[in-house]
Amino acid sequence: MGDDVRLAFIGAGQMARALAEGLLKAGVVTCSQISASDPDPEARAQFARVTKGSVYANNMSAVKGADVVVAAVKPRLLPGVLQELASAVGNKLVISLAAGVTTEAILAILGPAARVVRVMPNTAVRVLQGACAFAPAGGTTPEDLALVRRLLGAVGLCVQAEEALFDAITALSGSGPALVYVIIEALIDAGVLVGLSRGLARQLVLQTVKGAVEMLSLTGLHPAELAGQVSSPGGTTIAALKILEERAVRGGVMAAVERAARRAAELRPSATSPG
């Protein structure tokens, strides 16, 4: 496929809008290459406002003329949507963003030779800082994989992974941003608690988090090593870290990710049948 590849998003919700917006910002597609369908008029209106792409109430209208079909509907709805679109999809590349729905389940509907790539993105693709994993199946070609890498690589980290790992990836990078937002919110509230204005606390926290991530990225050091570098004997940082250990914050985060992974697995049975 060339640079004029046309994408049809089936579902125009948060994830579809985030990915489409990121692709446009990255310059790998133009608004004329994007269309979307959704039964919700508000979702269609928001997608059109963000992307300037074409929107439809009918799935078939969006798929017509597209090279790639991006399935961005809720997992329980995906089988029914694929059955509806099976004849129109034909030999188009299908990229599924549906958590918990395996490529095996998709191929059972579209046929074993269908070109299918399962993707787990996160909403940071909107700002070109996404963390995306993908797994190919069926009749997917090397050219298809090159296209997926080009599209997803333009909006952040893009890695190929075994599909068996997708429940864990869903929990870590798919749900992970929400955990980070909770921690950031707590830090901002803590700043207010100790006397800072909310605006100043937010400004300092966001830069602190950004700086910490950059330090990890650029130094390659273990997080514990960097924490140790700012933990003076009897100082403020070690006193703060003691409280986190007493409140089992580390264990709480690990338990949250573990539960999210189990929930991703629980979605699977209901995702294999329409309804």
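Since the structure is predicted, the reported quantities are computational estimates derived from the model, not experimental observations.

Comments concerning the pairing of strand S8 (residues 156-160)
- Relative to S8, strand S7 (residues 130-138) runs parallel, the two sharing 5 bridges. Residue alanine 131 lies in a different strand from S8, and its bridge partner there is leucine 157.
- One crossover worth recording links S7 to the parallel S8 by way of helix H6 (residues 142-153), and it is right-handed.

Here's the deal with helix H2 (residues 41-51)
- Regarding H2, the residues found buried are Ala43, Arg44, Phe47 and Thr51. Buried residues in H2, looked at end-on, bunch into an arc of 100 degrees, giving them a common side. Among the exposed residues of H2, those pointing more than 90 degrees away from its buried face are Pro41 and Arg49.
- For H2, the capping residue at the N-terminal end is aspartate 40, with a side-chain oxygen 3.0 Å from the backbone nitrogen of glutamate 42.
- Once H2 ends, the next one or two residues include lysine 52, with phi positive near 65 degrees.

Observations concerning the side chain of threonine 102
- Mapping threonine 102 onto the fold places it in the loop between strand S5 (93-96) and helix H5 (103-110).
- A relative accessible area of 16% places threonine 102 in the buried class.
- Each residue touching threonine 102, except ones within four places of it in the same chain, is listed here: Arg118, Glu163 and Arg268.

Reading the values: rules and limits
Residues numbered from 1 in each chain as written. Predicted model: local features only at pLDDT ≥ 70, side-chain atom pairs only at ≥ 80, totals over all residues. Heavy atoms only, no water. Pairing = 2+ DSSP bridges. Helix = DSSP H or I, 4+ residues; strand = E, 2+ residues; numbered from the N terminus. Right-handed = clockwise from strand over helix to strand, strands pointing away. Buried < 20%, exposed > 50% of the residue type's maximum accessible area, 1.4 Å probe, protein only. Arc of directions from axis to C-beta. Polar contact = N/O pair within 3.5 Å; in protein donor to acceptor, adjacent residues only side chain to side chain. Contact = heavy atoms within 4.5 Å.

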